[in-house]
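As a plain string of letters, each chain reads:
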Amino acid sequence: MTITTTTTTTTTTSAMRVRNPRRILAVSLESQADHLCQAISELTGKQPQTPPAGTTHNLQLRTAYYTATVPIWLDTMTSPSEWADTFLSEEAIEVLAALGGLVLVFAPSPDARDAIRNVGKVVHRGLGGFEWDGVRLAVGITAGETYPDFDDEMDEVCAEAGLEYVRLGKDQPAARNEFGDKTGMERVKEALEANDWSHADEDDAAASSDEPRDDGLGFALDPADQESLQKALWGDSEEPSEAKVEHVEELMQRLRVVREAGEGLPEPQRRRMAARAVQEAMKELQL
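Cut-offs used in this document
Residues numbered from 1 in each chain as written. Predicted model: local features only at pLDDT ≥ 70, side-chain atom pairs only at ≥ 80, totals over all residues. Heavy atoms only, no water. Helix = DSSP H or I, 4+ residues; strand = E, 2+ residues; numbered from the N terminus. Buried < 20%, exposed > 50% of the residue type's maximum accessible area, 1.4 Å probe, protein only. Areas by Shrake-Rupley, 256 points an atom, 1.4 Å probe, with all protein chains shown as cover. Axes fitted to C-alpha atoms, helices over the stretch in contact; angles between N-to-C directions. Parallel < 35°, antiparallel > 145°, perpendicular 65-115°, else oblique. Left-handed = near helix turned anticlockwise from the far one by under 90°. Contact = heavy atoms within 4.5 Å. Nonpolar A, V, L, I, M, F, W, Y, C, P; charged D, E, K, R; others polar. Core = buried A, V, L, I, M, F, W, Y, C linked by side-chain atoms within 4.5 Å. Pairing = 2+ DSSP bridges. Arc of directions from axis to C-beta. Salt bridge = Lys/Arg side-chain N within 4 Å of Asp/Glu carboxyl O. Expected span 1.5 Å × (residues − 1).

- Under an unreviewed UniProt entry, the protein chain has the name Alpha/gamma-adaptin-binding protein p34 and belongs to Moelleriella libera RCEF 2490.

**Digging into the overall build of the protein chain**
Here is step 1: Check the secondary structure of the protein chain and you find nine helices and seven strands.
Here is step 2: Here the protein chain holds 287 residues, and the buried ones make up 42% of them.
Here is step 3: Surface exposure of the protein chain reaches about 16500 Å², of which carbon and sulfur atoms provide 47%.

**Comments concerning the packing of helix 1 (residues 33-44) against helix 6 (residues 184-193)**
Here is step 1: The N-to-C vectors of helix 1 and helix 6 enclose an angle of 65°; their axes lie 10 Å apart at closest approach. With respect to helix 6, the axis of helix 1 lies roughly perpendicular. Here helix 1 and helix 6 pass one another in a crossing that is right-handed. Residues Ala 39, Glu 42 and Leu 43 of helix 1 pack against Met 185, Val 188, Lys 189 and Leu 192 of helix 6.
Here is step 2: Of the residues that constitute the contact of helix 1 with helix 6, the class distribution is five nonpolar, no polar and two charged.

**Observations concerning the environment of Val 122**
Here is step 1: In this structure, Val 122 sits in helix 4 (residues 112-126).
Here is step 2: On a C-alpha basis, the gap between Val 122 and Phe 87 in space is 6.8 Å, while along the polypeptide they are 35 residues apart.
Here is step 3: The contacts of Val 122, once residues within four sequence positions are left out, are Trp 83, Ala 84, Phe 87, Leu 88, Leu 96 and Leu 127.

**Some thoughts on the nonpolar core**
Here is step 1: Counting residues in each nonpolar core, the largest one holds 30 residues, and the members touching the most others are Met 77, Trp 83, Phe 106, Ile 116, Val 119 and Leu 163.
Here is step 2: Contributing elements (two or more residues each) for this core: strand 2 (23-29), strand 4 (66-77), helix 2 (80-87), strand 5 (99-106), helix 4 and helix 5 (150-160).
Here is step 3: Sort the elements by how many residues they give to this core and helix 4 lands first, with six residues.
Here is step 4: Membership of the second largest hydrophobic core comes to 27 residues, among which are Ile 24, Val 70, Val 188 and Trp 197.

**A closer look at unusual backbone geometry**
Here is step 1: Following Thr 50, the chain continues to Pro 51 via a peptide bond in cis, the omega torsion being -5°.
Here is step 2: Tracing the chain through its elements places Pro 51 in the loop between helix 1 and strand 3 (56-62).

**As for the pairing of strand 5**
Here is step 1: The buried fraction of strand 5 amounts to eight of the eight residues, a majority that puts the element mostly inside the structure.
Here is step 2: Across five bridges, the pairing between strand 2 and strand 5 is parallel. Bridging across to strand 5, Leu 25 finds its partner in Leu 102.
Here is step 3: Bridging between strand 5 and strand 6 (residues 135-142) involves six bridges; their strand directions are parallel. For Val 103, the partnering residue across the bridge sits in strand 6 and is Leu 137.

**Looking at helix 5**
Here is step 1: Every buried residue of helix 5 is listed here: Phe 150, Met 154, Val 157 and Cys 158. Viewed along the axis of helix 5, the buried residues span an arc of 95°, placing them on a single side of the element. Among the exposed residues of helix 5, those oriented more than 90 degrees off its buried face are Asp 152, Glu 156 and Glu 160.
Here is step 2: Elements that come into contact with the buried residues of helix 5 comprise strand 5, helix 4, strand 6 and strand 7 (164-169).
Here is step 3: Just past helix 5, the residue Gly 162 takes up positive phi, approximately 80°.

**Observations concerning the pattern of salt bridges**
Here is step 1: Here the structure, examined in full by the defined rule, presents five salt bridges.
Here is step 2: Close ionic contact of Arg 167 with Asp 151 constitutes a salt bridge, the shortest N to O distance being 2.5 Å. Within this pair, whereas Arg 167 is found in strand 7, its partner Asp 151 is found in helix 5, the two being separated by 16 residues in sequence.
Here is step 3: Judged by relative accessible area, Arg 167 falls into the buried class, the value being 11%.

**Notes on helix 1**
Here is step 1: The end-to-end C-alpha separation of helix 1 is 16 Å, in line with the 16 Å expected for 12 residues at 1.5 Å each.
Here is step 2: Of the positions making up helix 1, those classed as buried are Ala 33, His 35, Leu 36, Cys 37, Ala 39, Ile 40, Ser 41 and Leu 43.
Here is step 3: Residues of helix 1 that are buried sit in contact with strand 2, strand 3, strand 4, strand 5, strand 6 and helix 6.
Here is step 4: Immediately downstream of helix 1, the backbone of Gly 45 shows phi near 85°, a positive value.

**Focus: the pairing of strand 3**
Here is step 1: A one-sided burial pattern is seen for strand 3, the buried positions being His 57, Leu 59 and Leu 61 and the unburied ones Thr 56, Asn 58, Gln 60 and Arg 62.
Here is step 2: The turn joining strand 3 and strand 4, which pair antiparallel and follow one another in sequence, is formed by three residues.

Set out below in structure tokens:
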């Protein structure tokens with residue numbers, strides 16, 4: 001008897017690592033911060049800091065095509081309209097540019113629809129609406145049974161805001177709906193994994209021969225901006241007054257805050273943030 005042996009060779013392609021992924025902004029009403037923490041904990045497997053507003057929580061994503069550690073910026077809204085106005089202001093342009101996902105977490109309440117609509121304002125006016133290539137989710141957390149038309153109503157309200165409605169709760173549907181689509185947290189994970197987290201400007205051309213220099217604040221400004229900053233801060237006086245020194249220290253602290261906000265972002269975007277901060281400093285000093 002002849003035995004034939006067949007050898008199968010399997011080629012494994014390593015997944016690409018996204019080194020500077022875009023961010024996720026996850027937000028809820030301030031009164032529903034516990035629901036935000038619950039959703040983020042279920043998504044990442046780790047409990048976020050409390051209170052969550054102003055903190056960052058990492059999400060590990062691993063697919064057959066890429067791996068990424070995506071920072072989640074956590075925020076809460078006291079007034080949804082004021083929150084939307086803040087994120088639609090000129091100061092927030094760079095923040096929105098860094099986003100690859102926007103997730104609203106809410107529970108049924110009189111303020112929920114207002115929160116959805118104002119997050120929708122940011123989606124449509126600040127991010128580009130349906131043309132934006134990021135993930136837009138509204139995660140509704142229910143503690144018990146809801147009224148019969150709740151899901152249909154939330155679907156409609158969220159769709160108008162440019163958000164996909166996903167429901168979490170003890171009474172949520174099965175892991176897949178009647179069409180075979182994932183539901184609940186599995187749908188949230190699926191949507192996030194399917195997204196492109198790389199920055200559009202990561203492949204920008206290399207910087208010119210004028211290499212950025214350290215300005216003492218960690219900005220690595222261009223030489224021209226470095227000179228403008230020094231002139232704006234100190235002018236031509238050899239011995240600045242005490243009031244001048246205090247004012248400069250205050251401005252430098254604000255510049256450091258901008259620097260910290262840009263940490264981890266791609267260099268071109270970080271330098272744009274730095275240039276904007278320098279311009280604001282010079283404007284305040286009337287130079």
